[in-house]
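Each chain, written out:
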Amino acid sequence: MAVSVAPKAPAATAKVSRRQKRGGMAIAERRAGLLFVTPYLIYFLILQLAAIIFAIWVSFHHYDLLALDNPFVGLRNYARLTVNQDFLIAMRNTTEYAVVVVILQTVFALLLAVLLDSKIKGRNFFRSTWYTPSIASSVVISMIFLYVYHPTGLLNSILGLVGIHTTEAYLQSTAWALPAIMFLAIWTTAPTFMLMFLAALQDIPKEVYEAAAVDGASAVRKLFSITIPLLRPVIFLVVSLGIIGCFQVFDQVFIMTHGGPLKATLTVAFLIYQNIFGDTGAVGVACAEALVLGIVIFALTLISRRVIDTRIEY
Amino acid sequence: MRSMRLGLALAAVGSVLLTACGGANNAGGATSEADVSGTLRAANWGGNPTENALVKKYEADFMTKYPKIKVTQEEIPTNFEDKIKTEMSANNEPDAMYVSTALMNFAAPAGRLLDLGPLMSKWGVSADEFIPTLMTPWQLNGKQYALPKDFGDLVLFYNKSQFSAAGLATPASWDDIKTDAKALTKGGVKGLSLPADAARFDAFLFGYGGQVLSSDKTKAVFNDQKAQDALTFYSSFQLQDKSSDLPDKLGATWPGDAFGKQKAAMVIEGGWLIPYMKDTYPSVSYGSIKLPKFPVKESSLLFTNGWGCSAKTKNQDACMLFVKYMTGKVVQQQVLQSGFALPSRKDLGSDPAITANPDVKNLFDSATFATAWTFGPHESKINDAQNAALQSVLLGKSDVKTALDKAVADANSAISGG
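So, a few notes on the structure that sits alongside this text. Keep in mind that this is a model prediction, so the values were computed, not measured.

Brief notes about the environment of T72(B)
Residue and element names in this part refer to chain B.
- Its location among the elements puts T72 in strand β2 (residues 69-76).
- Residue T72 is classed as partly exposed on the basis of its relative accessible area, which comes to 35%.
- In sequence terms T72 and A42 are 30 residues apart; their C-alpha atoms lie 6.0 Å from each other.
- In contact with T72, other than residues within four places in its own chain, are T39, L40, R41 and A42.

Here it is as structure tokens:
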């Protein structure tokens, strides 16, 4: 509108016309911007936003993929979650998994990054080899680890070499199955986060370290008083990506244990899948579970932001 | 007046549409097999490359016999039922498909499978051609939703060399099996390997007169005295006699693997063990017996798959002819020779491939008293609950009664929550 009006206002002052001109450009820019995001916007609106709204709608119904009639049940699907043993077990397993994996993979990634940032020999070699696990898809890694964890597999063979002879079936043991999947997840994801830490480490001004060195600070002191505080924004990123990933853990469980043994590795994402495909008429329950999971992830991300991502003061 | 005329016109148009639809459904009302034409999408589980190649061959043979019908194979290598369920909910399912008991359990009650009854009589297929226990899994409210393409069931396999080394005769009763298992257990070898798997235990459950579901299928009942007795007996080999162990404790992935590695001298498995032993452990000499009579009755479990049609297929006649062919004598004879599964047809019972091989004969004969292993729409949750009970008893985490009571409560909550 402003564009078509502008030429008809010759009496306008220079200041006004400049502002109008600027306004016109902003609109053109906005249009171009909109044009550029359109493909993603369509994808987002149809495949994500619409899907989420549909899931919310489904969660208030007794819903089956093949039924013609899906009656409204109000909050029943949500109310039943509090007494649904499977959901409670899955929530507990997932939380346990997330706590262990997020903490260990963040610490591990930071240590790797600090190591690689120092001037050790063969840095490039370590950088590429350590990153390798992150390149392969989680499905492939899970298949490989089926052999590693097999009673007569790689892990037990290596233990045998150092004198520990066992045929422990890790994935069939209620005590070992979840830790086995945790280890696999840490091993796969830590290198990705290592890269993020590495990039952030390059951004820390050298002067800060030099000043600390002049003051006689030790390497450990520098790590805790300079490196870690200055990495806070990245630590927040890594922790929240970790939380999101961990609470959605599915592929490893699907391929390696199917939630067993005795539900020791039943996670919320896998339970949702089981309810949709393995049972009849439980799609509404699955959607309620998914929404609760989404809210939990959202809340935890907000909390971690409060705790970690405070303002940096040089 | 005007509205009446409009009504008449609408009725006329409606009736034309109805006849048109009716005509299409009957593929032009063909009455001879050679006149039936159409295109069929046929989905099979393709997880086993050899089986998949055989299905491809049978479909090619079918198209040679019926040149007017074109079949496109859609092989689904894994999670077969999930894929079909998704396709059905999008109204995009194949015309013909493998119907597993799991697929039957969710698709038939929702009206998504075609009732084959009328088409069977139209195209000359009789229910009497098949073993009766194999027809019931596909029946609901008097309708027949699939025809059995083959089956497997359970017998007891025993290691001949381990038996003769221990000076034992072929067992004939559960008492024999119990004594023999103890005698065969030494070093790293167990007499038996019974897994924490309802697909084995339920043979015992039924043999003791127990049931998984009440007769109206609305309640799980596998915690009564009979079920407790069955599980007490099943677990006694491992817990009291120490003559059995879980496959993974024997360094094996499944009982057949432990049997092949000669870590377990006896296992309860099906016909799939025969080609597996031939390919993987050809040097092991073994034999089989039908499962001996349990306290209440003879029992074994039937695992079967059928071919059926989508309720929405536009080529019902072509689809029925396809199902007829794929479950017919020509195809099933080849299935039998390939060693994958046993034929579901009575007329192949006297085939030399069965009569000449005592193990195959035991398997085929067990079908007469075996129970189809299928438990309705909440089957997977019910089996999860059963397996959890077996696991907690066999891992020593719980006693029989507590484990079964908890499992029944879990199963019932799934049945009522759905």
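Some points on the packing of aromatic side chains
Residues and elements named next belong to chain B.
- All told, the structure shown has 44 aromatic pairs over all chains when counted by the stated rule.
- When the centroid spacing of 5.2 Å and the interplanar angle of 85° are considered together, the rings of F62 and F322 count as edge-to-face. In this pair, F62 is assigned in helix α2 (residues 49-65) and F322 in helix α13 (residues 316-326), connecting sequence segments 260 residues apart. Accessibility assignment for this pair places F62 and F322 in one class, buried.
- Ring geometry for F204 and Y234: centres 4.8 Å apart, planes at 85°, overall edge-to-face. In this pair, F204 is assigned in helix α9 (residues 198-207) and Y234 in helix α10 (residues 225-239), connecting sequence segments 30 residues apart.
- Through successive ring pairs, a cluster of aromatic residues spans W174, F201, F204, Y208, F233, Y234, F237 and F294.
- The residue whose ring lies beneath K85 is F106, and the NZ or CZ to ring-centre distance is 5.0 Å.
- A cation over a ring is seen here: K178 above F237, with NZ or CZ 4.9 Å from the ring centre.

Here we look at unusual backbone geometry
- One non-glycine residue, H258(A), lies in positive phi territory at about 50°.
- Structurally, the position occupied by H258(A) is in the loop between α12 (251-256) and α13 (268-278).
- Residue classification places H258(A) among the partly exposed residues on the basis of a relative accessible area of 44%.
- Residues other than glycine seldom take positive phi values, yet Q262(B) does so here, at roughly 60°.
- Structurally, the position occupied by Q262(B) is in the loop between α11 (255-260) and β9 (264-269).
- Using a relative accessible area of 29% as the deciding quantity, one classes Q262(B) as partly exposed.

A look at the packing of α13(A) against helix α14 (residues 283-308) of chain A
All names here are of chain A.
- At a minimum axis separation of 8 Å, α13 and α14 run at an interaxial angle of 160°. The angle between α13 and α14 falls in the class roughly antiparallel. Viewed along their axes, α13 and α14 form a crossing whose handedness is left-handed. Across the interface between the two elements, V268, L271, I272, N275 and I276 from α13 touch V283, V285, A286, E289, A290 and L293 from α14.
- Grouping the constituent residues of the contact of α13 with α14 by class yields nine nonpolar, one polar and one charged.

Topic: the interface of chain A and chain B
- With 27 residues of chain A at the interface, the matching set in chain B holds 30 residues.
- Of the roughly 2,300 Å² buried where chain A meets chain B, counting both sides, 50% is carbon and sulfur surface.
- Of all residues in chain A, L66(A), L262(A) and F277(A) give up the largest surface area on contact with chain B, accounting jointly for 30% of the area buried on that side.
- The interface formed by chain A and chain B holds one salt bridge in total.
- D86(A) is the salt-bridge partner of K381(B), the closest N and O atoms lying 3.6 Å from each other.
- One can count seven residue pairs in polar contact (both at pLDDT 80 or more) joining chain A with chain B.
- Residue assignment for the side of chain A that touches chain B shows that the elements contributing at least two residues are α3 (76-81) and α13 of chain A.
- When grouped by side-chain class, the residues that make up the side of chain A that touches chain B number eleven nonpolar, eleven polar and five charged.

Considering a nonpolar patch on the surface
- Residues L34(A), F36(A), V37(A), Y40(A), L41(A), I42(A), Y43(A), L45(A), I46(A), L47(A), L49(A) and I53(A) make up a contiguous nonpolar surface patch of about 1,200 Å² in total accessible area.
- Locating I46(A) in the fold gives a position in helix α2 (residues 14-58).

With respect to the nonpolar core
- Grouped together as the largest cluster of nonpolar side chains are 54 residues, with contacts concentrated most on Y97(A), V101(A), F197(A), L231(A) and V268(A).
- Of all the secondary structure elements, the ones that give two or more residues to this core are α4 (85-117), α8 (177-203), α10 (219-230), α11 (232-247), α12, α13 and α14 of chain A.
- Once you skip the residues sitting within four places of it in the chain, V101(A) turns out to touch T106(A), M182(A), A185(A), I186(A) and C246(A).
- Counting 52 residues, the second largest nonpolar core, distinct from the first, contains W174(B), L192(B), A203(B) and L390(B).

Quick notes on the pattern of salt bridges
- Taken as a whole and judged by the stated rule, the model has 18 salt bridges over all chains.
- Note that D257(B) is salt-bridged to K261(B), the shortest N-O span being 3.2 Å.
- Given the relative accessible area of 33%, K261(B) is considered partly exposed.
- Via salt bridges that share partners, D86(A), K263(A) and K381(B) belong to a single interconnected network.

Topic: the pairing of strand β1 (residues 38-45) of chain B
All names here are of chain B.
- Judged from the eight bridges that link them, β1 and β2 form a sheet pairing that is parallel. By the bridge assignment, W45 is partnered in β2 with I76.
- The pairing of β1 with strand β3 (residues 96-100) spans two bridges and is parallel. Among the inter-strand pairings, A43 is bridged to a residue of β3, identified as M97.

Definitions and cut-offs
- Residues numbered from 1 in each chain as written.
- Chains lettered and ligands numbered in written order.
- Predicted model: local features only at pLDDT ≥ 70, side-chain atom pairs only at ≥ 80, totals over all residues.
- Heavy atoms only, no water.
- Helix = DSSP H or I, 4+ residues; strand = E, 2+ residues; numbered from the N terminus.
- Buried < 20%, exposed > 50% of the residue type's maximum accessible area, 1.4 Å probe, protein only.
- Contact = heavy atoms within 4.5 Å.
- Phe/Tyr/Trp six-rings, centres within 6.5 Å; stacked < 30°, edge-to-face > 60°.
- Lys NZ or Arg CZ within 6 Å of the ring centre and 35° of its normal.
- Axes fitted to C-alpha atoms, helices over the stretch in contact; angles between N-to-C directions.
- Parallel < 35°, antiparallel > 145°, perpendicular 65-115°, else oblique.
- Left-handed = near helix turned anticlockwise from the far one by under 90°.
- Nonpolar A, V, L, I, M, F, W, Y, C, P; charged D, E, K, R; others polar.
- Buried area = accessible area lost by both parts, 1.4 Å probe.
- Salt bridge = Lys/Arg side-chain N within 4 Å of Asp/Glu carboxyl O.
- Polar contact = N/O pair within 3.5 Å; in protein donor to acceptor, adjacent residues only side chain to side chain.
- Patch = residues over 30% accessible without salt bridge, like charges linked within 9 Å, V, L, I, M, F, W, Y side chains within 5 Å.
- Areas by Shrake-Rupley, 256 points an atom, 1.4 Å probe, with all protein chains shown as cover.
- Core = buried A, V, L, I, M, F, W, Y, C linked by side-chain atoms within 4.5 Å.
- Pairing = 2+ DSSP bridges.

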